[in-house]
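Observations on the model geometry
Next come the chains, spelled out residue by residue.
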Amino acid sequence: MRNKKNFILTTLTVAFISCFTYVISQTKPVIEPKTQDTLTARPSIIALPTDSVFTDKGLRLKTYKKNAHASYYADRFNGKKTADGSRFNNSKYTAAHKKLPFGTRVKVTNEANGKFVIVKITDRGPFVKTREIDLSKRAFMEITKSKGAGAMKVTIETIIE
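Described below are features of the structure shown in this document. (Residues numbered from 1 in each chain as written. Predicted model: local features only at pLDDT ≥ 70, side-chain atom pairs only at ≥ 80, totals over all residues. Heavy atoms only, no water.)

**A few points about unusual backbone geometry**
Our working definition: Secondary structure elements are defined from DSSP: runs of H or I of at least 4 residues count as helices, runs of E of at least 2 residues count as strands, and each element is numbered from the N terminus. Buried means the residue's accessible area, taken with a 1.4 Å probe over protein chains only, is under 20% of the maximum for its type, while exposed means over 50%, and partly exposed covers the values in between.
Residue G125 is joined to P126 through a cis peptide bond whose omega torsion reads -5°. With respect to the helices and strands, P126 occurs in the loop between strand 6 (116-123) and strand 7 (133-135). For N67, which is not glycine, the phi torsion reads 55° and is therefore positive. Position of N67 among the secondary structure elements: in strand 3 (residues 59-72). Owing to a relative accessible area of 46%, N67 belongs among the partly exposed residues under this scheme.

**Some details on the nonpolar core**
What counts, and what does not: Among buried residues, those of type Ala, Val, Leu, Ile, Met, Phe, Trp, Tyr and Cys that are joined through side-chain atoms within 4.5 Å constitute a nonpolar core. We call two residues in contact whenever any of their non-hydrogen atoms come within 4.5 Å of each other.
By size, the foremost hydrophobic cluster in this structure holds 18 residues, and its most contacted members are V106, V108, V119, I133, L135, M152 and V154. If one sorts the elements of this core by residue count, helix 2 (residues 137-143) sits on top with four residues. Sequence-distant contacts of V106, defined by excluding residues within four places in its chain, comprise L100, V117, I118, V119, I121, I133, I156, E157, T158 and I159.

**Considerations on the packing of aromatic side chains**
Our working rule: For Phe, Tyr and Trp, rings pair up if their centres lie within 6.5 Å, where Trp contributes its six-membered ring, and each pair is then called stacked (planes under 30 degrees apart), edge-to-face (over 60) or tilted (otherwise). Criterion for a charge above a ring: Lys NZ or Arg CZ within 6 Å of the ring centre, and within 35 degrees of the ring normal.
For the structure on display, the rule yields three aromatic pairs. For the ring pair Y72 and F140, a centre distance of 4.8 Å and an interplane angle of 45° mean the geometry is tilted. One end of the pair, Y72, is in strand 3; the other, F140, is in helix 2, and 68 residues separate them in sequence. A network of ring pairs unites the aromatic residues Y73, F77 and F88 as a single cluster. K107 extends its terminal NZ or CZ atom over the ring of F116, reaching a point 4.4 Å from the ring centre.

**Considering the pairing of strand 3**
Inclusion rule: Pairing between two strands requires that DSSP report at least two bridges joining them.
In terms of strand pairing, strand 3 meets strand 8 (residues 151-160) through nine bridges, oriented antiparallel. Within strand 8, the residue paired with R60 across the bridge is I160. The pairing of strand 3 with strand 7 spans three bridges and is classified as parallel. Residue pairing in the sheet places S71 in a bridge with D134 of strand 7.

**Structural notes on the pattern of salt bridges**
The condition that has to hold: Salt bridges are identified by distance alone: a Lys or Arg side-chain nitrogen within 4 Å of an Asp or Glu carboxyl oxygen.
Inspection of the entire model under this criterion finds three salt bridges. A salt bridge links K137 to D75; the nearest nitrogen and oxygen atoms lie 3.3 Å apart. Within this pair, whereas K137 is found in helix 2, its partner D75 is found in the loop between strand 3 and strand 4 (94-97), the two being separated by 62 residues in sequence. Classification of D75 by relative accessible area gives partly exposed; the value is 47%. Across the pair E161 and R105 runs a salt bridge whose closest N-O atoms are separated by 3.0 Å. In this pair, E161 is assigned in the segment after strand 8 and R105 in strand 5 (residues 105-110), connecting sequence segments 56 residues apart. Taking the relative accessible area as the measure of exposure, E161 reaches 73% and is therefore exposed.

**A look at the side chain of T122**
Tracing the sequence through the fold places T122 in strand 6. Sequence-distant contacts of T122, defined by excluding residues within four places in its chain, comprise T82, A83, D84, S86, T94, A95 and F102.

**Digging into the pairing of strand 6**
Where strand 4 and strand 6 come together, three bridges link them in parallel fashion. Note on strand 6: the bridge partner recorded for A95 is I121. Judged from the five bridges that link them, strand 5 and strand 6 form a sheet pairing that is antiparallel. Its bridge partner being in strand 6, R105 is matched across the sheet by K120. Hairpin connection of strand 5 to strand 6: five residues between the antiparallel strands, including G114 at a positive phi of 80°.

All we've got here are geometric facts, nothing functional implied.
So this is what it looks like as C-alpha cells:
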C-alpha cells in the first residue's frame with residue numbers, strides 16, 4: 001500500500017515538473033523595441049524600460065496610482081489657507097494629497113473618458129478614507145463625465161521634472 005502511494009506521488013510530481021518545464025520553454029523573451037535618437041522621427045509616446053517612467057507629449061510621467069478615487073473641494077474652502085501656506089482658489093488647477101510633496105505636479109486622468117488635467121499639490125487631504133486626491137472644482141469639472149458627480153476613478157501620474 002505504501003509503495004503504491006509513493007509511486008502515485010512520484011508520478012504526479014514528475015508530471016507537474018514536466019508540464020512546468022514545457023510551459024517555461026514555450027515562453028518567448030521580451031525584446032525591447034529599438035528607439036531612434038533623432039528629432040525628426042520622434043513618436044508622441046516613448047516607453048522607457050527603467051522604473052516605468054514614460055514620456056507623453058514632452059512630459060516625463062511615472063504612474064503613482066491607478067483606480068484611485070478623486071473628489072473636489074467644496075466652495076466653502078475658497079480663500080482659506082492651504083497646508084503649503086498659499087490661499088486656496090477653486091478656479092485654479094490645484095489638489096490635495098496625503099503623501100505627495102507640496103509643489104509636485106501630477107497628471108490626473110479620468111478612467112471613464114480619458115480626459116486629464118495637470119494639477120499642483122498645495123494641500124493635505126482628502127480626509128475621507130476611501131479618497132486618494134481632492135481636486136479643485138475647476139480641475140474636477142474639466143475631466144468629469146457627469147457634472148453632477150462628486151467623485152470619480154482616476155489614474156494619478158507624477159510629472160518628473
